[in-house]
Amino acid sequence: MLTIPAMAEEEQSGGRILVIEDDEDIVDVLRRTLRAEGYEVRAAEDGGSGLRVSSEFMPDLVVLDLGLPDMDGLEVCTSLREGDSDVPILMLTAREGTENRVTGLDSGADDYLEKPYKREELLARIRALLRRRPPRGSAMITVGDLRLN
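What counts, and where the lines are drawn
- Each chain carries its own residue numbering, running from 1 in the direction its sequence is written.
- Reporting of local features is limited, given that this is a predicted model, to residues whose pLDDT is at least 70; pairs of side-chain atoms are given and counted only at 80 or more, and all residues count toward the totals for whole chains, interfaces and linings.
- As a rule here, side-chain values cover all heavy atoms of the structure and leave hydrogens and water aside.
- The helix and strand labels rest on DSSP assignments: H or I over at least four residues marks a helix, E over at least two residues marks a strand, and numbering proceeds from the N terminus.
- Think of it in three bands: with a 1.4 Å probe and only protein chains considered, a residue is buried below 20% of the maximum accessible area for its type, exposed above 50%, and partly exposed in between.
- Throughout, a residue-residue contact means that at least one pair of heavy atoms, one from each residue, lies within 4.5 Å.
- Where accessible areas are quoted, they stem from the Shrake-Rupley method and a 1.4 Å probe; at the residue level, only the protein chains shown are allowed to cover.
- When DSSP finds two or more bridges between a pair of strands, those strands are recorded as paired.
- Lines fitted to the C-alpha atoms define the axes, with helices restricted to the stretch that makes contact. Angles between their N-to-C directions range from 0 to 180 degrees.
- Put simply, a nonpolar core is a bunch of buried Ala, Val, Leu, Ile, Met, Phe, Trp, Tyr and Cys residues held in one set by side-chain atoms that sit within 4.5 Å of each other.
- Salt bridges are identified by distance alone: a Lys or Arg side-chain nitrogen within 4 Å of an Asp or Glu carboxyl oxygen.
- These descriptions rest on fixed angle ranges, namely under 35 degrees for roughly parallel, over 145 for roughly antiparallel, 65 to 115 for roughly perpendicular, and the rest for oblique.
- Should the near helix be turned anticlockwise from the far one by less than a right angle, the crossing is left-handed, and should it be turned clockwise, the crossing is right-handed.
- By convention a crossover is right-handed if, when the strands point away from the viewer, the path from the first strand over the helix to the second runs clockwise.

Engineer: Where do I start with the overall build of the chain in this structure?
Structural biologist: In terms of regular secondary structure, the chain is built from 5 helices and 8 strands. Starting at the N terminus and ending at the C terminus, the chain contains elements arranged as β-β-α-β-α-β-α-β-α-β-α-β-β. Among the 149 residues that make up the chain, the fraction classed as buried is 38%. Counted over contacts in the chain with a minimum sequence separation of 6, partners at least 24 positions apart contribute 60%. Only carbon and sulfur atoms are counted for the fraction: they give 49% of the accessible area of the chain, which is about 8500 Å².

Structure (structure tokens):
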């Protein structure tokens, strides 16, 4: 008998997104936009709490600002990667220019989008990043006594 575990209701949504951003207005807009698209959203206002929430919430994607009050977003990105996290990271920042994009991507980000951004482009980039990540709950397959992860 082939058994694939059912996904929990929260995992059947669009996915879990952690927003690490210190601007409350931007967080509010992102939260409303992402929730309207079916995502479960949590937010953190600085890098330290972002790292803590990430380890507890286990997001499918992180939207990360670079200009945070306690530590630079590049440090947050590097810390996530050093912790063996393969969560997709989308840097959403006001820092413009090729040099900043290259630095952000080289620090471990999967994508980089400058503010101001178009809502449609942000959502398309999120969908693209999430397509590359295997769905939760799909990794374990049980056939009799054999379990494949």
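Engineer: Just to check I follow, could you spell out the sheet that holds strand β2 (residues 15-20) for this structure?
Structural biologist: In a beta sheet, neighbouring strands are held together by backbone hydrogen bonds and run either parallel or antiparallel to one another. Read across the sheet, 5 strands follow the order β3-β2-β4-β5-β6 without closing on themselves; strand pairing throughout is parallel. A strand with exactly one partner marks an edge of an open sheet, and here the two such strands are β3 (39-44) and β6 (111-114). The sheet shows a mean angle of 20° between the axes of neighbouring strands, direction not considered. Bridge count between strand β4 (residues 61-64) and strand β5 (residues 89-93): 3 bridges; the pairing is parallel. Note on β5: the bridge partner recorded for L64 is M91. In the packing of helix α4 (residues 98-106) onto the sheet, the strands contacted are β5 and β6, and the crossing angle to β6 comes to about 145°.

Engineer: How should the nonpolar core be read in this particular structure?
Structural biologist: Across soluble globular proteins, nonpolar side chains have a tendency to be buried as a group. If you look at the biggest cluster of nonpolar residues, it comprises 18 residues, and the most contacted ones within it are L18, I20, V62, L64, V76, I89 and M91. Counting only elements with at least two residues in this core, the list comes to β2, α2 (47-57), β4, α3 (73-82) and β5. Contact partners of I20, with chain neighbours within four places excluded, come to A44, D46, G47, G50, V62, V63, L64, D65, L68 and V76.

Engineer: Please clarify how the pattern of salt bridges should be interpreted in this entry.
Structural biologist: Close approach of charged atoms allows side chains with opposite charge to pair. Counted according to the given criterion, the structure contains 11 salt bridges. As a salt-bridge pair, E40 and R16 come within 3.8 Å of each other at their nearest N and O atoms. In this pair, E40 is assigned in strand β3 and R16 in strand β2, connecting sequence segments 24 residues apart. The exposure class assigned to E40 is partly exposed, which follows from its relative accessible area of 23%. Of the residues examined, R16 reaches a relative accessible area of 11% and is grouped as buried. For E114, the salt bridge goes to R101, with nearest N and O atoms at 2.6 Å. One end of the pair, E114, is in strand β6; the other, R101, is in helix α4, and 13 residues separate them in sequence. R101 gets classed as partly exposed once you look at its relative accessible area, which sits at 30%. A single salt-bridge network, built from bridges that share partners, covers R16, E40 and R42.

Engineer: Hey, could you run me through the packing of helix α1 (residues 24-36) against helix α5 (residues 119-131) in this one?
Structural biologist: Packed helix pairs are specified by the crossing angle of their axes together with the interaxial distance, meaning the distance between the axes. Where α1 meets α5, the axes come as close as 12 Å, and the angle between the chain directions of the two elements is 60°. In terms of their interaxial angle, α1 and α5 are classed as oblique. The chirality of how α1 crosses α5 is right-handed. Two secondary-structure elements touch here, α1 through L30, T33 and L34 and α5 through R119, L122, L123 and I126.

Engineer: How do you make sense of the pairing of β3 when you look at a structure like this?
Structural biologist: Regular strands place side chains that alternate from one sheet face to the opposite one. Summarising the sheet, β2 and β3 pair through 6 bridges and their orientation is parallel. By the bridge assignment for β3, I20 is matched with A44. Crossover handedness for the path β2 to α1 to β3: right-handed.

That's the geometry; what it means functionally is another story.
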